[in-house]
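# Observations on the three-dimensional arrangement
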Amino acid sequence: MNKFDATIKKRQNGDEYLELVFNNQTYEFEQGADYVRNEKDNNIVALTYAGIIKIANQEGVTFETKDWIKLAYNHITIRVVATRKDGLFREAVVGRNKDNMQSDGKGDEDTAAHKKACVEAFLALY
């Protein structure tokens, strides 16, 4: 079983960072780029796509886009397979359109769907 341990720490210059232990490897993540804090409860943090990819790269996880189905200009369905070094793989299928996306991502459903599929496939591995 994988061990997760996360702590918010401060550097000597006062900047905060997230220290995460994952699979006995310690990672440091920058606020904003690699992780975000919940607006209502600062104790809740979430890794961003960039943060997940940092771990995936270190763990040797590869991503392969299997299907990229675009039936209309404003809709995309993507299937991504994530594979670990030991051969274990998981896939994720994500469909996105401009109507089911947050307002800040309405112009970029293709990229948002691909990132979400990569993250979901990665999380399914662990």
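Here is what the cut-offs are and how they apply
- Residues numbered from 1 in each chain as written.
- Predicted model: local features only at pLDDT ≥ 70, side-chain atom pairs only at ≥ 80, totals over all residues.
- Heavy atoms only, no water.
- Helix = DSSP H or I, 4+ residues; strand = E, 2+ residues; numbered from the N terminus.
- Buried < 20%, exposed > 50% of the residue type's maximum accessible area, 1.4 Å probe, protein only.
- Contact = heavy atoms within 4.5 Å.
- Areas by Shrake-Rupley, 256 points an atom, 1.4 Å probe, with all protein chains shown as cover.
- Pairing = 2+ DSSP bridges.
- Axes fitted to C-alpha atoms, helices over the stretch in contact; angles between N-to-C directions.
- Phe/Tyr/Trp six-rings, centres within 6.5 Å; stacked < 30°, edge-to-face > 60°.
- pLDDT = per-residue confidence, 0-100.

A count of helices and strands for the protein chain gives two helices and eight strands. In the protein chain, which comprises 126 residues, the proportion classed as buried is 30%. Sequence-distant contacts in the protein chain: of pairs separated by 6 or more residues, those separated by 24 or more amount to 36%. Of the roughly 8000 Å² of accessible surface on the protein chain, a fraction of 46% belongs to carbon and sulfur atoms.

This part takes up the sheet that holds strand β3 (residues 25–30). Strand-to-strand pairing in sheets goes through backbone hydrogen bonds, with the strands running parallel or antiparallel. Ordered in space as β1-β2-β3, the three strands form an open sheet in which the pairing is antiparallel. The sheet terminates laterally at β1 (4–10) and β3, the two strands that pair on one side only. Strand after strand, the sheet turns through a mean of 25° between neighbouring axes, direction not considered. In this structure, β1 lies alongside strand β2 (residues 16–22), joined through seven bridges in antiparallel fashion. Residue aspartate 5 lies in a different strand from β2, and its bridge partner there is valine 21. Along the sheet, helix α1 (residues 49–59) makes contact with β2 and β3, crossing β3 at roughly 150°.

What follows deals with the packing of aromatic side chains. Taken as a whole, this structure holds four aromatic pairs when the rule is applied. By way of ring pairs, the aromatic residues Phe22, Phe122 and Tyr126 are connected into one cluster.

A positive phi angle, near 55°, is found at asparagine 23, a position not held by glycine. Relative to the assigned elements, asparagine 23 resides in the loop between β2 and β3. Even without being a glycine, asparagine 24 presents a positive backbone phi close to 65°. By the element assignment, asparagine 24 lies in the loop between β2 and β3.

In this model, the protein chain carries an average pLDDT of 87, and 90% of its residues clear a pLDDT of 70 or more. For the protein chain, per-element mean pLDDT is lowest for β1, which scores 86, and highest for α1, which scores 95.

Now for the sheet that holds strand β7 (residues 75–83). Read from one edge of the open sheet, three strands run β6-β7-β8, paired in antiparallel fashion. Where the open sheet ends on each side, the last strands, each with one partner, are β6 (62–72) and β8 (89–97). Taking each pair of neighbouring strands and ignoring which way they run, the sheet shows an average axis angle of 15°. As judged from the nine bridges shared by β7 and β8, these two strands associate in the antiparallel manner. Across the sheet, threonine 83 pairs through a bridge with phenylalanine 89, a residue of β8. Here helix α2 (residues 109–125) sits on the sheet in contact with β6, β7 and β8, set at roughly 150° to β8.

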